[in-house]
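Here is how the chains run, residue by residue.
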Amino acid sequence: MEESIDGVSESAVQAARELRVVVSRLRRRLREVYETRELTPSQTAVLSRLDKGGPASTSDLAAAERVRPQSMASILTGLDKLGLIERRADPDDGRRQLVSPSRAGHELLDDGRRAGSEWLTRAMEDRLDEAERRTVIEAMALLERLVTP
């Protein structure tokens, strides 16, 4: 049953619903391909955040991931045991430690991204013809307009 929204066309409601479903499936499939050893989703999220955002304290990570500092400490302990993070003193506050991905952490993320990219590229080549791939490219430009302020 489709939900109606006052003043919104049925096609907008349908497009939004179908896009959410496809994006969810695509994310799930990429996560399957992007095998990150035996990392939990929380560990993967934290490692990715550190990779993109740079070094951070445990409390900053906890706030960003919306978990308790004790939970973040546990996540970081697991990543540390796997050799995926490094800790060093904060140059601005010696009482705090900053966490960043180790070389192994960067490599794990890079390998996963490469595997996901290769899978998606191969799937596009194998399952879509040239005209369909061009349609996807055009659709991406439209979707970009949705997220660009």
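Let me begin by describing the structure that accompanies this report. As the structure is a computational prediction, the values presented were derived from the model and not from experiment.

This structure, assessed with the given rule, holds 13 salt bridges. Measuring nitrogen to oxygen at the nearest pair gives 3.4 Å for the salt bridge that ties Arg103 to Glu107. Of this pair, Arg103 and Glu107 both sit in helix 5 (residues 103-127), four residues apart, which is roughly one turn of that helix. Note that Arg134 and Glu130 form a salt bridge whose closest N and O atoms lie 3.3 Å from each other. Of this pair, Arg134 and Glu130 both sit in helix 6 (residues 130-147), four residues apart, which is roughly one turn of that helix. The exposure class assigned to Arg134 is partly exposed, which follows from its relative accessible area of 47%. Taking the relative accessible area as the measure of exposure, Glu130 reaches 42% and is therefore partly exposed. By sharing partners, the salt bridges in this structure join Asp51, Asp110 and Arg113 into a single network.

Attention shifts here to helix 2 (residues 41-53). Look at helix 2: 18 Å from first C-alpha to last across 13 residues, which is about the 18 Å you get at 1.5 Å a residue. Within helix 2 the residues assigned to the buried category are Gln43, Thr44, Val46, Leu47, Ser48 and Leu50. For helix 2, the secondary structure elements touched by its buried residues are helix 3 (58-65), helix 4 (69-81), strand 1 (85-90), strand 2 (93-101) and helix 5. Phi for Gly54, located one or two positions after helix 2, is positive at around 85°.

Residues Leu19, Val23, Leu146 and Val147 make up a contiguous nonpolar surface patch of about 370 Å² in total accessible area. Mapped onto the elements of the fold, Leu146 is located in helix 6.

Where helix 2 meets helix 4, the closest approach of the two axes is 10 Å, and the angle between their N-to-C directions is 85°. Our classification of the angle between helix 2 and helix 4 gives roughly perpendicular. Within the contact between the two elements, helix 2 uses Ser42, Gln43, Val46 and Leu47 and helix 4 uses Met72, Ile75, Leu76, Gly78 and Leu79.

On to a positive patch on the surface. Together, Arg25, Arg27, Arg28 and Arg31 make up a positively charged patch on the protein surface. Structurally, Arg25 is set in helix 1 (residues 10-33). Given a relative accessible area of 54%, Arg25 falls into the exposed group.

About the thresholds
Residues numbered from 1 in each chain as written. Predicted model: local features only at pLDDT ≥ 70, side-chain atom pairs only at ≥ 80, totals over all residues. Heavy atoms only, no water. Salt bridge = Lys/Arg side-chain N within 4 Å of Asp/Glu carboxyl O. Helix = DSSP H or I, 4+ residues; strand = E, 2+ residues; numbered from the N terminus. Buried < 20%, exposed > 50% of the residue type's maximum accessible area, 1.4 Å probe, protein only. Expected span 1.5 Å × (residues − 1). Contact = heavy atoms within 4.5 Å. Patch = residues over 30% accessible without salt bridge, like charges linked within 9 Å, V, L, I, M, F, W, Y side chains within 5 Å. Areas by Shrake-Rupley, 256 points an atom, 1.4 Å probe, with all protein chains shown as cover. Axes fitted to C-alpha atoms, helices over the stretch in contact; angles between N-to-C directions. Parallel < 35°, antiparallel > 145°, perpendicular 65-115°, else oblique. Lys, Arg positive; Asp, Glu negative; His and termini not counted. Charge placed at Lys NZ, Arg CZ, Asp CG, Glu CD.

Fair warning: the whole summary comes from geometry, so function is off the table for now.
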